[in-house]
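What follows is the residue order along each chain.
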Amino acid sequence: MSSDHIVGIDLGTTNSLVAYMQGDVPAVIPGEDGLNLVPSVVALDENNQMIVGNAARKYLIETSDRAVYSIKRLMGRGMEDIQEELKLFPFRLADDLLSGEVLRIRIGERTYTPPEISALILRQLKRNAERFFGGPVTKAVITVPAYFNDAQRQATKDAGRIAGLDVLRLVNEPTAASLAYGLDRRKNGVVAVYDLGGGTFDISILKLHDGIFEVVATNGDTHLGGDDIDNLLIAIALDDIRGDLGLDVRRNGEAVQRIRKSVIEAKIALSSEPSAKLDVDLPGGKKYQREITREMFEQLIQPVVDRTIGPTKQALKDAGLKPGQVDEVVLVGGSTRIPKVRQLVQELFGRAPHTGMNPDEVVALGAAVQANILGGGSAITKEMLLLDVTPLSLGIEVAGGVTDKIILRNSTIPASATQYYTTQVDGQTSVAIHVLQGERELARDCRSLARFDLKGVPPMVAGMPRIEVRFLIDANGILHVSAREQRSGKEAEIEVQPSYGLTDEQVEHMLLESYDFAEEDFRQRQVIEARREADTILAALSKGKQSPAWQELSSEERAKTEELERALLAAKDGDDYAAIRKAIDALNAGTMHLAELMMDTAVSAALKGKAMDGAEADLPEGEGAQAGHPVAKAEFK
Ligand code: ADP
Ligand code: MG
């Protein structure tokens, strides 16, 4: 077999799969154990080896602090995004995380970023494919939920790179599923893809124009799936165990994982049987058993199932369609095996969904079809053009903290749009571009994707500069932003990095170091970051020393502050993270009074009718001194 196969990968929350094109038919590549699904679980075994999949799953039960599952929930996310997950999942975050830093998860003695953990899963799939083909596999198409934002997509690409895969394309999961069913062979029509997996719900409405796919609307819930059903069953079991056996095992991680395993087995059985048994060995030799009937199960999960109705209706509304106008309905995700779910889908659309393929394999199969197209493809698929949409609006913050949308949600991608802005203040030489994602009016209610400054704008009267901001979403759904002041031709040096994405250097670093992230490397990074923080504080202090407030301090206070300043300057040149940290904290504490006096001065100046900007005029000239958000100007549009 040729060694340059491009594989299709479904990197799932719960399960991951790799598939390829066997002639004109996509097929899943099984693992060494003969199973198609690789559980998205990573664990550290007794020999401190990282293992993945079914072999790793038993560590969830025995030593859950050495295993991680559902890592997809943390991909490209920041601390404030994941509070729900932290309540529901036993993720152990590194305890030395700096604010704004990429999350790191502790497994055993070491910490890993979510892309690194996902990369371990991807490596396993890569190995499975290489064993199958008997040669190297370096190119892949990877699927992502339609709802994934820019940072999450970027994190997925990073994971691919860390795993040594050239990610040719990221494809929305529902688009892949439609391809797997070959629905493109229909000339025209509307397809709805209903995907209820382990951790995410996605509903997508696709239109076919002369055999060409276009996703016209997407909606969903990134916190809805089979895991929620499992949690409901676990809650019942915990209640029973407390009531009937007098045992409170809620905080016993091992017992809870055993219960989880048992309820999942029961849930799966209930998709084809009228009843199923829960059977769990508990600490102290006790045993918990109970029967669950289909009827009781359906009652229990009704609220979960019903939560898919709203997003489904919204997606139809966004597409401007009535349920009756949908021609084909595709089921995706293991949870759509549940009869109650199928019944709801049938009711929602008034037609029977496609169920011919395994709902938990169909995305990977479609990814293989897409991979084949990119690789030059078969005659059947060569002509096909795939279009996706961006799930959320993208824009920038303008004066007053308002969101100005540049690319609207549900725009077909690749997409690009340009808007013109101007400055807010006379002589403004720097314009802050704050890239936002979301539907809300105020910037603070949207998700912050990136910030950068367009600097070196020649001073002009406010309203004179003409700033062109261009947004481009490429075929992978990744956003590129550029800004240019047209009168002066000044362009920004722009690197749009998603807020919680890894920097190129970080990915490069991980590639080089692979998984042997030495203690030393980490320490070095901490030192560099601490030095940067020290520079910021020292710069602020030297400004402070030029302000009138400095003279208001007692001579002892001034001497003490300068002593702390010297201490930080000395520590900063060393390699001792703890020492730098300590000196930063000491200087921070020691300059509290100065900061208060400076505030008072600024406030009283403002009260006397002087502009606060006037105080700034005393400060050393710096381009950043007059950065402000741009103002949208209709006449430029
Ligand atoms: P993901 O896309 O999130 O990785 P999958 O599509 O693999 O998820 O679906 C996994 C979910 O499907 C899990 O919650 C699993 O328990 C559930 N599942 C798998 N088979 C069945 C079944 N026969 N009945 C009910 N739920 C199932
Ligand atoms: Mg899935």
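Treat the numbers as computed from the prediction; the structure is a model and nothing was measured.

Here is what the cut-offs are and how they apply
Residues numbered from 1 in each chain as written. Chains lettered and ligands numbered in written order. Predicted model: local features only at pLDDT ≥ 70, side-chain atom pairs only at ≥ 80, totals over all residues. Heavy atoms only, no water. Helix = DSSP H or I, 4+ residues; strand = E, 2+ residues; numbered from the N terminus. Buried < 20%, exposed > 50% of the residue type's maximum accessible area, 1.4 Å probe, protein only. Contact = heavy atoms within 4.5 Å. Areas by Shrake-Rupley, 256 points an atom, 1.4 Å probe, with all protein chains shown as cover. Near = heavy atom within 4 Å. Polar contact = N/O pair within 3.5 Å; in protein donor to acceptor, adjacent residues only side chain to side chain. Salt bridge = Lys/Arg side-chain N within 4 Å of Asp/Glu carboxyl O. Pairing = 2+ DSSP bridges. Axes fitted to C-alpha atoms, helices over the stretch in contact; angles between N-to-C directions. Phe/Tyr/Trp six-rings, centres within 6.5 Å; stacked < 30°, edge-to-face > 60°. Lys NZ or Arg CZ within 6 Å of the ring centre and 35° of its normal. Core = buried A, V, L, I, M, F, W, Y, C linked by side-chain atoms within 4.5 Å. Arc of directions from axis to C-beta.

Account for the overall build of the protein, with residues named and values stated.
Tallying secondary structure elements over the protein gives 19 helices and 29 strands in all. Among the 637 residues that make up the protein, the fraction classed as buried is 52%. Long-range pairs, those at least 24 residues apart, make up 66% of the contacts in the protein between residues at least 6 apart in sequence. In the form shown here, the protein has an accessible surface area of approximately 28,100 Å², with 50% of it arising from carbon and sulfur atoms.

Pulling in residues and values, what's your account of the environment of Ile 580?
Take Ile 580: it is sitting in helix α17 (residues 577–590). Each C-alpha atom, one on Ile 580 and one on Ala 567, is 9.0 Å from the other, the two residues being 13 residues apart in sequence. In contact with Ile 580, not counting residues within four places along its chain, are Val 527, Ala 530, Arg 531, Leu 568, Ala 571, Lys 572 and Gly 574.

Could you give an account of the site of ligand 1, with specific residues and numbers?
Of all residues adjacent to ligand 1, which total 18 residues, the nearest are Thr 14, Gly 198, Lys 267, Ser 271 and Gly 334. Separating an oxygen atom of ligand 1 from a side-chain N or O atom of Asn 15 is a distance of 2.9 Å. Gly 198 places a main-chain nitrogen or oxygen 2.8 Å from an oxygen atom of ligand 1. If ligand 1 stood free it would expose 580 Å²; the protein chains cover 91% of that surface.

Describe the pattern of salt bridges, listing the residues and the values that go with them.
Oppositely charged side chains are able to pair whenever their charged atoms sit close together. One pass over the structure, following the stated rule, counts 23 salt bridges. Arg 290 is the salt-bridge partner of Asp 240, the closest N and O atoms lying 2.9 Å from each other. Separated by 50 residues along the polypeptide, Asp 240 in helix α6 (residues 226–245) and Arg 290 in strand β16 (residues 287–293) bring together distant segments of the chain. Residue Asp 240 is classed as buried on the basis of its relative accessible area, which comes to 14%. Residues participating in the shared-partner salt-bridge network are Arg 73, Arg 77, Glu 85 and Asp 227.

Give a detailed account of the sheet that holds strand β5 (residues 41–44), specifying residues and quantitative values.
Read from one edge to the other, the open sheet built from 3 strands follows the order β6-β5-β7, with strand pairing classed as antiparallel. Two strands close off the open sheet at either side, each with one partner strand: β6 (50–52) and β7 (67–69). Across the sheet, the mean angle separating the axes of adjacent strands is 20 degrees when strand polarity is ignored. The sheet contacts of helix α3 (residues 114–133) involve β5, β6 and β7, and relative to β6 the element is tilted by about 65 degrees.

Please provide a residue-by-residue account of the packing of aromatic side chains, values included.
For any pair of aromatic rings, the description rests on two quantities: the centre-to-centre distance and the angle between the ring planes. A complete count under the given rule lists 4 aromatic pairs for this structure. Seen in terms of ring centroids, Tyr 20 and Phe 133 are 5.3 Å apart; in terms of plane orientation they differ by 80 degrees. Their pairing is edge-to-face. Residue Tyr 20 is found in strand β2 (residues 15–22), and its partner Phe 133 is found in helix α3; the two are separated by 113 residues along the sequence. The class of Tyr 20 is buried, set by a relative accessible area of 3%. A connected cluster of aromatic rings, assembled from ring pairs, spans Tyr 20, Phe 132 and Phe 133. It is Lys 72 that lies over the ring of Phe 148; its NZ or CZ is 5.8 Å from the centre. Its guanidinium or amino end placed over the ring of Tyr 420, Arg 466 lies 4.3 Å from that ring's centre, counting from NZ or CZ.

Outline the nonpolar core, listing residues and values.
Residues Val 7, Ile 9, Ile 71, Ile 117, Leu 122 and Ile 142 are the most contacted members of the largest nonpolar core, which totals 51 residues. Examining the composition of this core, we find that 8 residues originate from one element, α3, more than from any other. Within the second largest apolar cluster, 45 residues are counted, among which are Ala 217, Ile 229, Ile 241 and Leu 331.

A description of the pairing of strand β13 (residues 201–209) should follow, citing residues and the corresponding values.
Burial of β13 is extensive: 7 of the 9 residues sit out of reach of the surface. Note: strand β12 (residues 189–196) against β13, 8 bridges, orientation antiparallel. Looking at β13, one finds that Asp 195 is bridged to Asp 202. The antiparallel pairing of β12 with β13 creates a hairpin that spans 4 residues between the two strands.

Help me get a handle on unusual backbone geometry, residues and values and all.
For Asn 48, which is not a glycine, the phi torsion comes out positive at approximately 60 degrees. When you line up the elements, Asn 48 lands in the loop between β5 and β6. By relative accessible area, which is 53% here, Asn 48 ends up exposed. Phi is positive for Ser 70, which is not a glycine, with a value near 55 degrees. Position of Ser 70 relative to the elements: it lies in the loop between β7 and α2 (83–88). Classification of Ser 70 by relative accessible area gives buried; the value is 2%.

Before we move on, can you summarise the side chain of His 5 with the specific residues and values?
Examined against the element boundaries, His 5 turns out to sit in the segment before β1 (6–11). A relative accessible area of 18% means that His 5 is categorised as buried. Sequence-distant contacts of His 5, defined by excluding residues within four places in its chain, comprise Phe 133, Val 137 and Lys 139.

Pulling in residues and values, what's your account of helix α9 (residues 309–319)?
Three or four residues apart is the spacing at which side chains of an α-helix point the same way, because the helix has 3.6 residues per turn. Within the sequence span of α9, burial applies to Pro 311, Thr 312, Ala 315, Leu 316 and Ala 319. All buried residues of α9 lie within an arc of 140 degrees about the axis, which places them on one face of the element. In α9, the exposed residues that point more than 90 degrees away from the buried face are Lys 313 and Lys 317. Trailing α9 by a residue or two, Gly 320 shows a phi angle of about 70 degrees, which is positive.

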